[in-house]
Amino acid sequence: MAVMRSITANNLQAEGIKAIEQALLNHSEVAISVDGSNRCVVMTPERYQHLRECELDAALAQSGIDIEVGRAAKEPVAVHLARIDNLNRSAKKASQVK
């Protein structure tokens, strides 16, 4: 696995957005580190869009699997919302018992 390029918070403070733009010329993602620990990641809008599309593709694939194996329910919206309300009430009661 490739090591992600990192910019220190001090470097970012001194150079501003220019430090990020320079790092993104050769890397698709750049970490911002504070006290030696990566705190956040910046990326190009194109990279972000690609990752979002990958997440949506994965969600669609999982939905297809759920439908195939019977983990999906076909029900009216009102029934679905009532089921969610019941689950939420049950979870709330369970957390109050602790």
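Residues numbered from 1 in each chain as written. Predicted model: local features only at pLDDT ≥ 70, side-chain atom pairs only at ≥ 80, totals over all residues. Heavy atoms only, no water.

*Asks:* How would you summarise unusual backbone geometry if you had to cite specific residues and measurements?
*Replies:* The phi angle of most residues is negative, glycine excepted, and most peptide bonds adopt the trans form. Of note, D35 is a non-glycine position whose phi angle comes to about 50 degrees, a positive value. In this structure, D35 sits in the loop between strand 2 (29-34) and strand 3 (37-43). (Helix = DSSP H or I, 4+ residues; strand = E, 2+ residues; numbered from the N terminus.)

*Asks:* Summarise the pairing of strand 2; cite the residues concerned and give the values.
*Replies:* In terms of burial, strand 2 is largely enclosed, as five of its six residues are buried. Counting the residues between successive antiparallel strands, the hairpin from strand 2 to strand 3 contains two residues, one of them, D35, with a positive phi of roughly 50 degrees. (Buried < 20%, exposed > 50% of the residue type's maximum accessible area, 1.4 Å probe, protein only. Pairing = 2+ DSSP bridges.)

*Asks:* With reference to specific residues and values, describe a nonpolar patch on the surface.
*Replies:* Together, V77, L81 and I84 line one region of the surface with nonpolar side chains, adding up to about 260 Å² of accessible area. Note that I84 resides in helix 4 (residues 77-97). Taking the relative accessible area as the measure of exposure, I84 reaches 32% and is therefore partly exposed. (Patch = residues over 30% accessible without salt bridge, like charges linked within 9 Å, V, L, I, M, F, W, Y side chains within 5 Å. Areas by Shrake-Rupley, 256 points an atom, 1.4 Å probe, with all protein chains shown as cover. Salt bridge = Lys/Arg side-chain N within 4 Å of Asp/Glu carboxyl O.)

*Asks:* An account of the nonpolar core is requested, with residue identities and associated values reported.
*Replies:* Residues I7, A19, I20, A23, L24, V30 and I32 constitute the largest nonpolar core, which totals seven residues. Put simply, the parts of the chain that give this core at least two residues each are helix 2 (17-24) and strand 2. With four residues, the single largest contributor to this core is helix 2. (Core = buried A, V, L, I, M, F, W, Y, C linked by side-chain atoms within 4.5 Å.)

*Asks:* Go over the pattern of salt bridges, please, and point to the residues and values.
*Replies:* Within this structure, the stated rule accounts for four salt bridges. In this structure, E29 and R47 form a salt bridge, with 2.8 Å as the shortest nitrogen-oxygen distance. Note that E29 is positioned in strand 2 and R47 in helix 3 (residues 45-68), a separation of 18 residues in sequence. Given the relative accessible area of 26%, R47 is considered partly exposed. In this structure, E75 engages R83 in a salt bridge whose closest nitrogen and oxygen atoms are separated by 2.6 Å. Residue class for R83 comes out partly exposed when judged on its relative accessible area of 38%.

*Asks:* So what's going on with the sheet that holds strand 1 (residues 5-8)? Residues and values would help.
*Replies:* Taken together, three strands build an open sheet; the order of strands is 1-2-3 and the sheet is mixed. Looking at the sheet topology across the chains shown, the edges are occupied by strand 1 and strand 3. Here the average twist between neighbouring strands, direction ignored, is 35 degrees. Sheet topology places strand 2 next to strand 3; six bridges connect them, and they run antiparallel. The residue of strand 3 that forms the bridge with A31 is V41. (Axes fitted to C-alpha atoms, helices over the stretch in contact; angles between N-to-C directions.)

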